[in-house]
Number of protein chains: 2
Amino acid sequence: MAPGLEALQRRLGHRFRQPDLLVRALTHRSYSADHYERLEFLGDAVLGLAVSTLLVERLPQQAEGELSRARASLVRQDALHRIALDLGLPALLRLGEGEQRSGGRERASILADAAEAVLGALYLDAGFEAAQAVARRWYEGVELRPGLGKDAKTALQEWLQAHRRPLPVYEVVAIHGEAHAQTFEVACRVEGAAPTTGRGASRRAAEQAAAAVMLDHLHTHGLSSRVLQP
Amino acid sequence: MAPGLEALQRRLGHRFRQPDLLVRALTHRSYSADHYERLEFLGDAVLGLAVSTLLVERLPQQAEGELSRARASLVRQDALHRIALDLGLPALLRLGEGEQRSGGRERASILADAAEAVLGALYLDAGFEAAQAVARRWYEGVELRPGLGKDAKTALQEWLQAHRRPLPVYEVVAIHGEAHAQTFEVACRVEGAAPTTGRGASRRAAEQAAAAVMLDHLHTHGLSSRVLQP
């Protein structure tokens, strides 16, 4: 077996009895008719159940709607893309020449699909328990908190209310570009934290981006009683 | 344990080690705060994986898009409602008085949710393999054919093309009701089969209904070389 596949199996913590399944999980349709899409279909469902189980265990108080939102955010393309990078999938993908030249090896959608396909392959190779154990490790570093997947402005507002702090203030600090293709830059100010900024194609999108950065900061560092960078 | 729950466990083919999970799966939020919604969240994912596995096994030639369409049709509310009726859930639901009076015991959405919750309870009680075995039996009578979940007109057209027969002909045979609330009645004619009819709020909906009846007929009886009822 190729040394890359050996390393991938070590990173997965699973040795395939049927290594051809793993090879197929890394094969894009541009490379061969024996590609990963059916494994991706299966892996999507494996991931859905593994993540749902994790959330039900770790968020014992949350209602169904909140669990659904959290699940959606954990299985989104950007989350799977991050997992694919951690697994080193870019170097292992089997792509057709055209796809390769056009940057397919770095494309988030292909990498996310391949990560799901790897999980589907693992499920076929060794059953749900084995696949679930691997998926658990993928989310080990992710904080599974109430409000996960909620839009960032709502989550930030709720976080501040829970900590009895005043609501955040958003302010457009710049608008770049022509009228038909503007980028908004918004600052989010919260008492007790350095302001954050966000950009987006609309004022609302920029506010969400700024709120997300603020929320990340607060989850990591909490609030100080004074502004950190006055 | 109540005799109804004994009977349900026989129909499921599973005896709960934690019967309180089964009771919760049958409890609507109008009855108690300890209701089925988190189990339904989990059961939805269990069902998704169980059905995906079934489809990958039984439809070895189908592409991912077709598997997804088929999965969607198998986990739709009407499919789950049928399963809930087979399990006898209406008599076992625990509903608040108001919900009961307004016909909640027969409501398709509640019954479908409870069926998912039962599967979620089973998964927590005994693991994925046990839940999957039960879900397999739920779909034993369902024909898992290529084209499942595709809209009926497309599926009918493809079926006829595969059998080298002329395309179907649709004809509006009646329009009932006032201009703002019409019901269309459409006939679907296929060479070698008796015509079928369908009704709907639009011509397209009526055509879909007529095509679905025709497709059912053809799947069961095939084509004769002559029209059955000339």
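Relevant structure appears above.
All of these numbers come straight from a predicted model, not from anything done at the bench.

About the thresholds
- Residues numbered from 1 in each chain as written.
- Chains lettered and ligands numbered in written order.
- Predicted model: local features only at pLDDT ≥ 70, side-chain atom pairs only at ≥ 80, totals over all residues.
- Heavy atoms only, no water.
- Salt bridge = Lys/Arg side-chain N within 4 Å of Asp/Glu carboxyl O.
- Buried < 20%, exposed > 50% of the residue type's maximum accessible area, 1.4 Å probe, protein only.
- Pairing = 2+ DSSP bridges.
- Helix = DSSP H or I, 4+ residues; strand = E, 2+ residues; numbered from the N terminus.
- Axes fitted to C-alpha atoms, helices over the stretch in contact; angles between N-to-C directions.

A. The arrangement of the pattern of salt bridges in detail. Residue and element names in this part refer to chain A. Applying the stated criterion to the full structure yields 26 salt bridges over all chains. Notably, a salt bridge pairs Glu6 with Arg15, separated by 2.7 Å at the nearest N-O pair. Of the residues examined, Glu6 reaches a relative accessible area of 25% and is grouped as partly exposed. Under the relative-accessibility criterion, Arg15 is labelled exposed at 54%. The salt bridge involving Glu37 is made with Arg29; its shortest N-O contact spans 2.9 Å. For Glu37, a relative accessible area of 16% puts it in the buried group. A relative accessible area of 51% places Arg29 in the exposed class.

B. Looking closely at the pairing of strand β1 (residues 169-176) of chain A. All names here are of chain A. Bridge count for β1 against strand β2 (residues 183-189) is 7 bridges, and the pairing is antiparallel. The residue bridging Tyr170 from the neighbouring strand is Cys188, located in β2. As consecutive antiparallel partners, β1 and β2 are separated by 6 residues, and within that stretch Gly177 has a phi angle of approximately 90 degrees, a positive value.

C. Just the sheet that holds strand β1 (residues 169-176) of chain B, in detail. Residue and element names in this part refer to chain B. Taken together, 3 strands build an open sheet; the order of strands is β1-β2-β3 and the sheet is antiparallel. Whereas interior strands pair on both sides, the edge strands pair on one side only; in this sheet they are β1 and β3 (196-200). Adjacent strand axes in the sheet meet at a mean angle of 25 degrees, parallel and antiparallel pairs treated alike.

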